[in-house]
Structures are given as C-alpha cells and as structure tokens.
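Per-entry structural report
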Amino acid sequence: QMSFKHCARSSFIPGTEASPMSAKQIHDIMLGYRNRFARPDEAVNIELALDFCTSEKNASYQIVTRAEFDAIPNSSRSEALWDGVTRTIYIPDDLEQKVGIHRMRYTIAHEIAHMILDHKPPALVYGRGTPSRREDIPIYRDPEWQADKGASFLLMTIAGTKAKGLVSASEISENFNVSEESAGYFLSDARRISRRA
C-alpha cells in the first residue's frame, strides 16, 4: 500500500503562474521532443512518449490504482497529475475506461507538457504566499493553458498535416488519434503559427 502523504503534492492550484510563453515557443519546444521519437505524420505512441520524455527530463511516471490516485492531495480535480517536487507523473490505471482513448492520450500528453515546460507547484513558486486567482493571470503565464498547447503540439504536427494533405479537424483527428475538438484547436493554432513563420 503506497502512501502519498509525504511525496505527492497538488500539481497546480489554479492561480499558479508559469514563465511567460507564446504558443509558438511551446510549439517549438514540444516539437523538439516529439521529432526524436515519432515521425511528423504519425499518431504518437503515448507510452513511448511517456518513457522517452520522462527519461529525457530525469523524471518518472507511476501507473497507480484509482484508490492510490484518489489519496493524492487535490487529485479530485485532475485526471492525472504532474508532481514537480518528486518529478513524477501519476496516472490512474482506469483512466482510459473513465475518459476514453482520445481523452486519455490528451491527458497524458498534458502532464508530459507540464513536465517538459518545468511547471513548479505553488509551494516552490510562492513559499507560503497565496497564489493569485487564475482569472487574474495573463493567459500566456497560465500553466494549464501552456500544458494544453503543449499536449496539442506533442500529439499533432503542422508538418504531418501538410505531408498528408489533412485540412479538416476530422481528418486530423483520425490520423493523429485525437478528438475532433483537439484537432480543431490545433488547426487554429497551426494557422496562426504558420502565418508568423
């Protein structure tokens, strides 16, 4: 029986600030990792992504039972957790059953992005101070916004959509094994990034 009281902390209390980052900066960082374990036009093998990225970042991941996950402080708000103190991603073993394959892949990619972008828990950022309210934080400093962008760019690539001539959210969804909703957000980000390039 594992005890999390001494190791896992809430990954993010809403209101924690991250270093400022643009979608383009996040895109470039995530693509740098992705290109080393997947082709641009293929759906990422999420287990391989976990192995590769945690190894690169000198971190780890644990697949835990639902009871163990629920025992982690503040886990009730999360589908999985990155703990920036112990440098561990915690994933409940029933995640796919609870949320489906697309959401499971996205959730794990989201936690990988927290890790790659070096998001720290509030205790390290603020000492004992109170984090600001999430709505008071500029979006480019919001770790959840950053991790959502990071997940998207880990799972899908602009080069892959161009190589295969994928133009609709449904085509991108099918090719990269993501939800149509995720593919739609990716498409609008990809257009903005491509215009600036």
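Everything below is about the structure shown above.
Scope of this entry: the structure provided in the associated data block. (Residues numbered from 1 in each chain as written. Predicted model: local features only at pLDDT ≥ 70, side-chain atom pairs only at ≥ 80, totals over all residues. Heavy atoms only, no water.)

**Structural notes on helix H10 (residues 180–196)**
Heads up, the condition is: Numbering goes from the N terminus for both helices and strands, where a helix is a DSSP run of H or I of at least four residues and a strand is a run of E of at least two. Expected helix span is given by 1.5 Å per residue-to-residue step, counting one fewer step than there are residues. Residue exposure (1.4 Å probe, protein chains only): buried if accessible area is under 20% of the type maximum, exposed if over 50%, otherwise partly exposed. Contacts were defined at the residue level, with two residues in contact if any of their heavy atoms lie within 4.5 Å.
End to end, H10 covers 25 Å across 17 residues, agreeing with the expected 24 Å (1.5 Å per residue, within 8%). Taken together, the buried positions of H10 are Ser182, Ala183, Phe186, Leu187, Asp189, Ala190 and Ile193. For H10, the secondary structure elements touched by its buried residues are helix H1 (23–34), helix H5 (101–116), helix H7 (143–155), helix H8 (158–164) and helix H9 (169–176).

**Description of the packing of aromatic side chains**
Rules: Paired rings are identified among Phe, Tyr and Trp, the last through its six-membered ring, by centres lying within 6.5 Å, and are further divided according to the angle between planes into stacked (under 30 degrees), edge-to-face (over 60) and tilted (the rest). In this analysis the charged atom, NZ for Lys or CZ for Arg, is taken to sit over a ring once it is within 6 Å of the ring centre and within 35 degrees of the ring normal.
Tallying each qualifying case throughout the model produces 2 aromatic pairs. Ring geometry for Phe153 versus Phe186: centroids 6.3 Å apart, planes at 65 degrees, classification edge-to-face. On the criterion of sequence distance, the pair formed by Phe153 in helix H7 and Phe186 in helix H10 is long-range, its members being 33 residues apart. Phe186 sits in the buried class, given a relative accessible area of 1%. It is Arg36 that lies over the ring of Tyr33; its NZ or CZ is 5.9 Å from the centre.

**Quick word on unusual backbone geometry**
A negative phi angle characterises most non-glycine residues, just as the trans form characterises most peptide bonds. Of note in the backbone geometry, Asp118 takes a positive phi value of approximately 55 degrees without being a glycine. Looking at where Asp118 falls in the secondary structure, it is placed in the loop between H5 and helix H6 (122–126). The class of Asp118 is partly exposed, set by a relative accessible area of 34%. Even without being a glycine, Asn177 presents a positive backbone phi close to 60 degrees.

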